Amino acid sequence: TETTFTVKVADPDAVPPHVELFNAEKGMGLSNELISLGYALPLKKKCVPMSQVPSIDGNTFEAKVCYADYPWRVYLQKVSHEDQLEALMNKLAEEYAHNQPPLTEDIKIGNACCAKYDDDGQYYRCAIEGIKRSSYTVKYIDYGNTEEKSLSDLYSLNDEYLNLSAQAIECALKDININVSEWKGPMQEAFEMLVHEKTYNCQVVGREDEVYIVTLNEMKSGDSLTADVKKIMNSGGQLPSHSFTTNSPSRDSTAPAFSSAAPEQPAAPAQNNLELKIDWPPRLDRYNHQLAMVSWGEGPDNFFVNLVDRENKLEQLHDHLQEVYSNGGVQVGRVFRYMYILARSPADGFVYRAKTLNNDRNMPTVIYVDYGNEEDVPVSNIYELQPYLASVFPCQAIRCALSGVERLIGEDDVEMKPEIRKKFEELVSDQEIKLKNIKQAKKKKVPTATLR
């Protein structure tokens, strides 16, 4: 009190910033004085400082979305730090693949550690965010997502891995006002697809506690993410038409015609980041009272149908895929959840249009968007989807549930009785059916239909 100190900033990236207060009269810093008097302990270098983020309104930087819970909880990474993070991740993977030192210290909130992420089996830096009786909540500090871990799954993190500050910057989009209860599953899925692998110009316009209020505009197109999110909210989960982009393969991406019966589409120019208009799953009310065939189903409450009048075009697309990708395609660099890709099925060896359901780096699960079945596919069998293959012919699998029936479950009260599934397959196999949309189921978010 009433003492003049010389202030030395020790860690400007910490929140709040760490400073040393030096007393010229005593010739020592306040930290050392408190330690010598027994009123403080030396700080162990086990708490990871926050990323270097702008703290002044109006600051801008180039960023990528690394994780997004909601539009009001988005985690960004600075593009300028990409090389540093990649080098750290490579070193971390190499060291911890052979040696995982156990976490033996007294665990406290904020302690830094290392953990293997369940979805991809890779090692990441993390910090303890919550302590429970038999598990710990860890936050992956370079990406923003959290996971529950047992003590045996947490490893000590060497100090050399703490030199790079945490890279995940927690942000909220400006001017997005919506209750959590109103943010539905399709909106979240569309939002994750919208920001996938996009680079944004980030402008910081404010701050609430440790969350930065930002505006994000896509670097290439200038499109406002806030405006696109509002379109998703207003449509109940539909992507804006310009929103999904991918890198085209190195081969010529001009769209060859499947046949004269294929729908007329302009040829796709050979350039990167072409826009793909993905419409899947289709809305059933477009196909009321049309003939269809069940393409795949696990039972009366979850099956997919194909329209009979599009059968020939689907066969043409199938033949075209096998011809073009007979020797493989351009493999994706890294698998993310909800990517539209091409996948070679391990079951029959054919190539199909598909969508990833998780981000497993070795064996991701995909759903075939023209048929509806799911399969685990080796990442070596996953190829980039050329833009014309997304726009030249809509995705064909229409998900349905049978109206007027309830599921008969087995002994575990979860799985359907095997005989029910088998009988359902027998009844619908190779049968043309008339499809009538009854209503959109509220709980399942799946159209219910009658099949005649």
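All of the points below concern the structure found in this document.

Criteria and thresholds
- Residues numbered from 1 in each chain as written.
- Predicted model: local features only at pLDDT ≥ 70, side-chain atom pairs only at ≥ 80, totals over all residues.
- Heavy atoms only, no water.
- Helix = DSSP H or I, 4+ residues; strand = E, 2+ residues; numbered from the N terminus.
- Buried < 20%, exposed > 50% of the residue type's maximum accessible area, 1.4 Å probe, protein only.
- Salt bridge = Lys/Arg side-chain N within 4 Å of Asp/Glu carboxyl O.
- Pairing = 2+ DSSP bridges.
- Contact = heavy atoms within 4.5 Å.
- Phe/Tyr/Trp six-rings, centres within 6.5 Å; stacked < 30°, edge-to-face > 60°.
- Lys NZ or Arg CZ within 6 Å of the ring centre and 35° of its normal.
- Axes fitted to C-alpha atoms, helices over the stretch in contact; angles between N-to-C directions.

## Section: the overall build of the protein
The helix and strand inventory of the protein stands at seven helices and 25 strands. Across the 452 residues that make up the protein, the buried fraction comes to 46%.

## Section: unusual backbone geometry
The backbone phi angle of Glu-2 is positive, close to 55°, even though this residue is not glycine. Positive phi is not limited to glycine here, since Tyr-338 has a value of about 70°. As for its placement among the helices and strands, Tyr-338 is situated in the loop between helix 5 (311–324) and strand 18 (340–344).

## Observations concerning the pattern of salt bridges
Per the counting criterion, the structure on display carries eight salt bridges. A salt bridge links Asp-142 to Arg-125; its shortest N-O distance comes to 2.7 Å. On the criterion of sequence distance, the pair formed by Asp-142 in the loop between strand 8 (136–140) and strand 9 (146–149) and Arg-125 in strand 7 (residues 123–131) is long-range, its members being 17 residues apart. Here Asp-142 matches Arg-125 in class, with each residue buried. For the salt bridge of Arg-353 with Asp-370, the shortest nitrogen-to-oxygen distance reads 2.8 Å. You can see Arg-353 sitting in strand 19 (residues 351–356) and its partner Asp-370 sitting in the loop between strand 20 (365–368) and strand 21 (374–376), a full 17 residues away along the chain. With a relative accessible area of 3%, Arg-353 lands in the buried category. Where salt bridges share partners, they join Asp-118, Glu-147 and Lys-149 into one cluster.

## A few points about the pairing of strand 18
Most of strand 18 is tucked away: five of the five residues are buried. Sheet analysis places strand 18 next to strand 19, joined by five bridges and oriented antiparallel. Across the sheet, the residue bridging to Leu-342 is Arg-353, located in strand 19. Here strand 18 folds back onto strand 19 in antiparallel fashion, the turn holding six residues, of which Gly-349 has a positive phi close to 80°. Sheet topology places strand 18 next to strand 22 (residues 382–384); three bridges connect them, and they run antiparallel. Note on strand 22: the bridge partner recorded for Leu-342 is Tyr-383.

## Topic: the pairing of strand 12 (residues 199–208)
Bridge count between strand 4 (residues 60–70) and strand 12: five bridges; the pairing is antiparallel. Paired with Glu-62 across the bridge in strand 12 is Asn-201. The sheet contact formed by strand 12 and strand 13 (residues 211–218) spans eight bridges and is antiparallel. Bridge pairing in strand 13 links Gln-203 to Thr-215. Taking the residues between adjacent antiparallel strands as the criterion, strand 12 and strand 13 are bridged by two residues, where Asp-209 takes a positive phi near 55°.

## A look at the side chain of Asn-359
Position of Asn-359 among the secondary structure elements: in the loop between strand 19 and strand 20. On the basis of relative accessibility, which here comes to 18%, the residue Asn-359 falls in the buried class. Apart from the residues within four sequence positions on either side, Asn-359 is in contact with Tyr-117, Asp-119, Asp-120, Val-335, Phe-336 and Arg-337.

## Notes on the packing of aromatic side chains
Following the criterion strictly, the structure yields 14 aromatic pairs and no others. Ring centres of Trp-296 and Phe-304 lie 6.3 Å apart, and the angle between their planes is 45°; this geometry places the pair in the tilted category. We classify Trp-296 as partly exposed; its relative accessible area is 30%. An aromatic cluster of three or more residues is present, and its members are Tyr-96, Tyr-123, Tyr-155 and Tyr-161. The ring of Phe-61 has Lys-78 lying over it, and the distance from NZ or CZ to the ring centre is 5.2 Å.

## Considerations on the sheet that holds strand 21
An order of 21-20-19-18-22 is seen for the five strands of this open sheet, with the pairing classed as antiparallel. This sheet does not close on itself; its edge strands, each paired only once, are strand 21 and strand 22. Ignoring which end each strand starts from, the neighbouring axes of this sheet average 45° apart. Helix 5 rests against strand 18 and strand 19 of the sheet, and its axis sits at about 95° to strand 19.

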